[in-house]
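In case you want the letters, here they are:
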Amino acid sequence: MKNTHDYRLICGMEIHAELKTKSKMFCGCKNDPFHAPAPNTYTCPVCLGMPGGTPVANKTAVDWTIKLGLALGCKINLFSKFDRKNYFYPDLPKGYQISQYDIPFCVDGVVQTSEGPVRIRRIHLEEDTGKLLHTTVAGEKVTLIDFNRSGVPLIEIVTEPDIRTPSQAKEYGRKLRQIIRYLDIADADMEQGGMRLEANISLAPAKADELPKYKVEVKNINSFRFVEQAITYEMKRHAEILSGGGTPEQETRGWNPNTGKTFSQRAKEEAEDYRYFPDPDLPPIRLKKQALQRLKAELPELPDMIVSRWHTTYQVEPRFGELLNTTREQASWIDEIFLAAAKEGISANSLASAIVNRKIKTQVGDKPKDVLATYYAAFATEKIDASELDRAIEKVFAANPDAVAKYKAGDQKVIGFFIGQVIREIGRKADANEVRQALIAALK
Amino acid sequence: MKTKTSAAKLTLKQTLSLLKSGELSLNELYQDVDEAVEISNKKLNIYLTLADDARKRADKALKDKTPWLGVPIAVKDNICTKDLRTTASSTVLENFVPQFDATVSKRLKEAGGVVYGKTNLDAWAHGSSTETSQFGRTLNPRNPEHLPGGSSGGSAAAVAADMCIAAIGTETAGSIRQPAAWCGVVGLKPTYGRVSRFGIAAMASSTDSPGPLTKTTEDATIVLYHLSGRDPLEATTGQQEVPDFTKALEKGVKGLRVGYLYHDIEGLEKVNPYIEAALRVLEDMGAEVESAKAMDPHHAISVYTIVQRGEVSSNLARYDGIRYGHGRDMFGDEAKRRIMLGTYTLSKGYADQYYNTAQKVRTLFRKDFQRLFERYDILVSATSPGYAKKVGATEGSAMFGELEDMLLEPSSITGLPGISIPCYRDPNTNLFLGMNIVAPMWREDLVIQTAHAYEMHTEWNSWRNNK
């Protein structure tokens, strides 16, 4: 509110994602909790926490965690181990969660966002819990437990407190999900809970270097938009408390998408004691350098690499490129289209712009020649003689001195207005991109 | 040969050979075992549950020409047996009927052994007497005024009382070897990782080792072979090949370098002369015996107590009152004590002081054994500081087991294989002393080789005497 600008946001995120391995993390049960025919179908003595149910680590899950680490430029710990995190909750059948404490598989990576880098502190592998169902059976209020999700491999990606704005949080989350999907290691479906977001939020005085002495955790947010909203909401709330001389309470809060507000869940006066210790059921994991090399070699071309390749090869602006590679499937489809366009001498950037702005209707998988045909039909432009173009531009400038002044004062948006005016002046289907280039040259 | 004595008194080896030749029928065998159970089980409280389909399974095992031909085996009640109640001697699991077999149970059945019944133990295997069982203590068949030891007291007693042909127990620190010594039977604790822990209610996961309790070393060898080997369901089982242990039986001890441990520990004065007599027997057979100095086993008590309690506090968390019908208030005093102590030693601020330090000392023990095994092939000591204690001995002594098992704890926390065999019988009390033989990791063959040679040249094994 009125005071937000006096403070700067200090925010780190913790994101959980369920890996889509065939079997669960520590047993042979099917890993498909969202499509199970009935509760407690995919269970066994291990994921039910029966006496003597001993875990065996899923190698694919370990490999995939390391792949994500490599994709985010992490250092990989060649010696790693699993630890027990001891706590009671009805959805945790063993009374402890197998997780990683002091030696996670991956540390010190980074995700680039348009608002700056977000450093990754660690990525570790653990197991998901069962699911509680609060319901009524025969008129009695009961809580049922479904263990289909118990023991599903879960990665946790923890950032440094590098996030400075709510929109950066959103962008970070989206980028991370995109990378995870490119690696094809998780569906990262937010609605079903396959990916869960958590933001640690505090405000520091805008001008001082000191770090805040408190931290508020907002948990279980299930969309990137909501993360942005929750952080925005919290910033206002904290600013009000801080400007009143108080300190926001150290606590865990939830997000209510209906009210657009966060709400207090539980106070966190002291750090919880999970009595971590190395799980004696699981021998430590020693990775060989060759195994890392192999995993590295298996990495696909990642989103940022594709955007820059499109930029250098086809001169496609990154803002379009970024929107055209939300999935690996889409990216390889776009690749085919750009290649076909290049052969026909069509500007890949114009084509990209048309697709992004939905000027032409396409969907992933459409044949490149059909896409190009649609593009031609919609954008068949006439080659405008350079002198004709210059004349039209002069005319438009003469008629709109205010707009020219605005542009010269730094308002770049005016260019769109000019493009429209010039094309109208010419009275034929001029190529907007060419007009833009000519305008920019003329305004210099 | 029609045995005049009960067929239940036969060793596993003898039983198999008689069943194979047809000189013994399963009917005779089961009648005699059933009779032994009928006469004494009520008094001795050895079996908590008897399998009512044992006889039927035996027939099938015989018909299928399995290696064990349907012989009745006693199984400790912390080992899950499909469709047969498994309680770990705790009322928390009073009504728990597993829907799955422990790997040990599965392999036993595959070998043609029949789970005859489930034997009593200290609740959750916490103890060395069976006195912490929530279903009453077991009495020592050799002398019912005395305890059988524990925690595998029921399995050791079942063997001693001829209520089975062989038995399975589990050891975390002495739980196979100490009751074997007290009951005058053979108890073999395999290398940690040799036999799968899958399906066995975990006590201290980093030391739990299932293994045989039998009438002779040869029998232990047969049982061990069938239980051993890599288990895809249990990550700490070793990749090592399982050798044919019977090949070690006839090797003898000539030239074997034997280190004699722990004789200078206070409180062993009474047992030392018997262990030394046993060592002279080995010497007479050509072994080279030398007194050896090892790290003080008192430190092993500390290490074991801390590590084991820590792991127990976590391992018992799953009995949370939600799924097994009974709540945590049903835990007995010993389990509660261990949970509290373990929770404390793993707590923030204390973990370094206790748990992590204990793990470092554990490494020192490992190094100490490495040093010893550069000089010796095997190490020998008393199994227990004395004879089986009288009933009620554990009352008011929370550290009873730890003191009893002190001589075994160093080898337990380091995962080494060991065996206890009878090496003396007191004619007045009919109680036995045991000799503990320890070898390097994966070298069960060395303990078997030594134990068998000793057994064949002495009179202390009551089944060898009978033959």
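Quick caveat, the model's predicted, so the values are computed rather than measured.

**Student:** Whenever I open this one, the overall build of chain B confuses me. Can you help?
**Tutor:** What chain B contains, in helices and strands, is 15 helices and 11 strands. Scaling as 2.2 N^0.38, a compact globule of 467 residues should have a C-alpha radius of gyration of about 23 Å, and chain B matches this with 20 Å. Principal-axis analysis of the C-alpha atoms places the extent of chain B at approximately 65 × 60 × 45 Å. The burial tally for chain B puts 60% of its 467 residues in the buried class.

**Student:** Where do I start with helix α7 (residues 328-343) of chain A in this structure?
**Tutor:** Three or four residues apart is the spacing at which side chains of an α-helix point the same way, because the helix has 3.6 residues per turn. All names here are of chain A. If you check α7, its first and last C-alpha atoms are 23 Å apart, about what 16 residues at 1.5 Å a residue would give, namely 22 Å. For α7, the elements touching its buried residues are α5 (303-314), α8 (348-356) and α9 (368-379). Phi turns positive one or two residues past the end of α7, at G345, with a value near 75°.

**Student:** It is not clear to me how the sheet that holds strand β4 (residues 166-171) of chain B should be interpreted in this structure. Could you clarify?
**Tutor:** Within a sheet, neighbouring strands are paired by backbone hydrogen bonds and run either parallel or antiparallel to one another. All names here are of chain B. Spatial ordering of the open sheet is given by β1-β3-β2-β4-β6-β5-β10-β11-β9-β7-β8, a layout of 11 strands whose pairing is mixed. This sheet does not close on itself; its edge strands, each paired only once, are β1 (47-50) and β8 (288-291). When the angles between neighbouring strand axes are averaged without regard to direction, this sheet yields 30°. Sheet topology note: the strand β2 (residues 72-76)/β4 ladder contains three bridges and is parallel. The residue bridging I73 from the neighbouring strand is A166, located in β4.

**Student:** Teacher, can you tell me more about the packing of helix α7 (residues 217-227) of chain B against helix α14 (residues 444-456) of chain B here?
**Tutor:** Relative orientation and spacing of two packed helices are given, respectively, by the angle between their axes and the distance between those axes. Residues and elements named next belong to chain B. Relative to each other, α7 and α14 sit at 155°, their axes nearing to 9 Å. When the interaxial angle is binned, α7 and α14 end up roughly antiparallel. Residues T217, E218, T221 and L224 of α7 pack against E444, I448, A451, H452 and E455 of α14. For the contact of α7 with α14, a count of residues per class yields three nonpolar, three polar and three charged.

**Student:** Just to check I follow, could you spell out the nonpolar core for this structure?
**Tutor:** Soluble globular proteins: nonpolar side chains tend toward being buried together. The biggest cluster of nonpolar side chains holds 211 residues, and the ones touching the most others in it are A199(A), I73(B), V159(B), C164(B) and I378(B). Ignoring anything within four residues of it in the chain, the contact list for I73(B) reads L108(B), G113(B), V114(B), V115(B), Y116(B), C164(B), I165(B), A166(B), A167(B) and I168(B). Counting 19 residues, the second-largest nonpolar core is a separate cluster that includes F338(A), A341(A), I355(A) and V371(A).

**Student:** I would appreciate a short explanation of the domain arrangement of chain A in the present structure.
**Tutor:** For interface size, the figure often reported is the accessible area lost on association. Residue and element names in this part refer to chain A. For chain A, the assigned domains are domain 1 (4-290), domain 2 (301-379) and domain 3 (386-443). On the side of domain 2, six residues touch domain 1, which itself brings six residues to the contact. Sort the elements by how many residues they give to the side of domain 1 that touches domain 2 and helix α2 (residues 166-183) lands first, with four residues. Residue composition of the side of domain 1 that touches domain 2, by class: three nonpolar, two polar and one charged.

**Student:** Help me out: how do you make sense of the interface of chain B and chain A in this one?
**Tutor:** Facing the 30 residues of chain B at the interface are 23 residues of chain A. Sort the elements by how many residues they give to the side of chain B that touches chain A and helix α9 (residues 297-315) of chain B lands first, with three residues. Across the side of chain B that touches chain A, the residue classes break down as 16 nonpolar, eight polar and six charged.

**Student:** Sorry if this is basic, but what is going on with helix α10 (residues 333-345) of chain B here?
**Tutor:** Residue and element names in this part refer to chain B. Helix length check: α10 (13 residues) gives 18 Å between terminal C-alpha atoms against 18 Å at 1.5 Å per residue, within 8%. Buried residues of α10: E334, A335, R338, I339, G342 and T345, and no others. Seen from one end, α10 has its buried residues packed into an arc of 135°, which puts them on one side. In this structure, α10 carries D333 and M340 as exposed residues pointing more than 90 degrees from its buried face. Packing partners of the buried residues in α10 comprise α9 and α11 (352-375).

**Student:** Can you help me understand the pairing of strand β1 (residues 7-18) of chain A in this one?
**Tutor:** Side-chain positions along a regular strand alternate between the two faces of the sheet. Residue and element names in this part refer to chain A. Taken together, the 11 bridges between β1 and strand β11 (residues 195-205) define a ladder with antiparallel strand orientation. Directly across from E14, in β11, lies its bridge partner E198. Sheet topology places β1 next to strand β10 (residues 153-159); five bridges connect them, and they run antiparallel. Bridge pairing in β10 places H16 opposite E156.

**Student:** It is not clear to me how the environment of I79(B) should be interpreted in this structure. Could you clarify?
**Tutor:** Residues and elements named next belong to chain B. Tracing the sequence through the fold places I79 in the loop between β2 and α4 (103-110). Judged by the 30 C-beta atoms lying within 10 Å of it, I79 is buried. For the pair I79 and I168, spaced 89 residues apart in sequence, the C-alpha separation works out to 8.9 Å.

**Student:** Quick question: what am I supposed to make of the environment of L10(B) here?
**Tutor:** Residue and element names in this part refer to chain B. Take L10: it is sitting in the segment before α1 (12-21). Taking C-alpha positions, L10 is 24 Å from K251, a pair spaced 241 residues apart along the chain. Once residues within four sequence positions are removed from consideration, L10 is found in contact with T15, L18 and I165.

**Student:** Sorry, what's going on with the pairing of strand β7 (residues 257-260) of chain B here?
**Tutor:** Residues and elements named next belong to chain B. In terms of strand pairing, β7 meets β8 through four bridges, oriented parallel. In the sheet register, R257 faces β8, and the bridge partner there is E288. You can see the chain leave β7, run along helix α8 (residues 272-284) and come back into β8, and the turn it takes is right-handed. Sheet analysis places β7 next to strand β9 (residues 378-382), joined by three bridges and oriented parallel. Within the sheet, the bridge partner assigned to G259 lies in β9 and is L379.

**Student:** Sorry, what's going on with the confidence of the model for chain B here?
**Tutor:** In low-pLDDT regions, the fine details of the predicted coordinates are not to be read closely. In the predicted model, chain B carries a mean pLDDT of 95, and 98% of its residues have values of at least 70. This complex was scored by the predictor with a pTM of 0.90 and an ipTM of 0.95.

About the cut-offs
- Residue numbers run consecutively from 1 along every chain, following the written order of its sequence.
- The order in which chains are written sets their letters, starting at A; the order in which ligands are written sets their numbers, starting at 1.
- In keeping with the predicted nature of the model, local features appear solely for residues at pLDDT of at least 70, side-chain atom pairs appear and are counted solely at 80 or more, and the whole-chain, interface and lining totals rest on all residues.
- Counting from the N terminus, the helices are DSSP H or I runs at least four residues long and the strands are E runs at least two residues long.
- Radius of gyration: C-alpha atoms only; globule rule: 2.2 Å multiplied by the number of residues to the exponent 0.38.
- Exposure criterion: with C-beta atoms placed from backbone coordinates, a residue whose C-beta has 20 or more other C-beta atoms within 10 Å is buried, one with 12 or fewer is exposed, and one in between is partly exposed.
- Working rule for helices: expected span equals 1.5 Å times residues minus one.
- Contact criterion: two residues are in contact if their C-beta atoms, reconstructed from the backbone, are within 7 Å.
- A pair of strands is labelled paired if DSSP reports no fewer than 2 bridges between them.
- Axis lines are fitted through C-alpha atoms, for helices just across the contact stretch, and the angle between N-to-C directions can take any value from 0 to 180 degrees.
- Roughly parallel means an angle under 35 degrees; roughly antiparallel means over 145; roughly perpendicular covers 65 to 115; every other angle is labelled oblique.
- Gly counts as polar in this scheme, as do all residues outside two lists: the nonpolar Ala, Val, Leu, Ile, Met, Phe, Trp, Tyr, Cys and Pro, and the charged Asp, Glu, Lys and Arg.
- Each nonpolar core reported here comprises buried Ala, Val, Leu, Ile, Met, Phe, Trp, Tyr and Cys residues connected via C-beta atoms within 7 Å.
- Source of the domain bounds: an automatic or database domain assignment.
- Think of the arc as the fan of directions from the helix axis to the C-beta atoms.
- With the strands aimed away from the viewer, a crossover counts as right-handed if its path from the first strand over the helix to the second runs clockwise.
- In predicted models, pLDDT denotes the confidence assigned by the predictor to each residue on a 0 to 100 scale.

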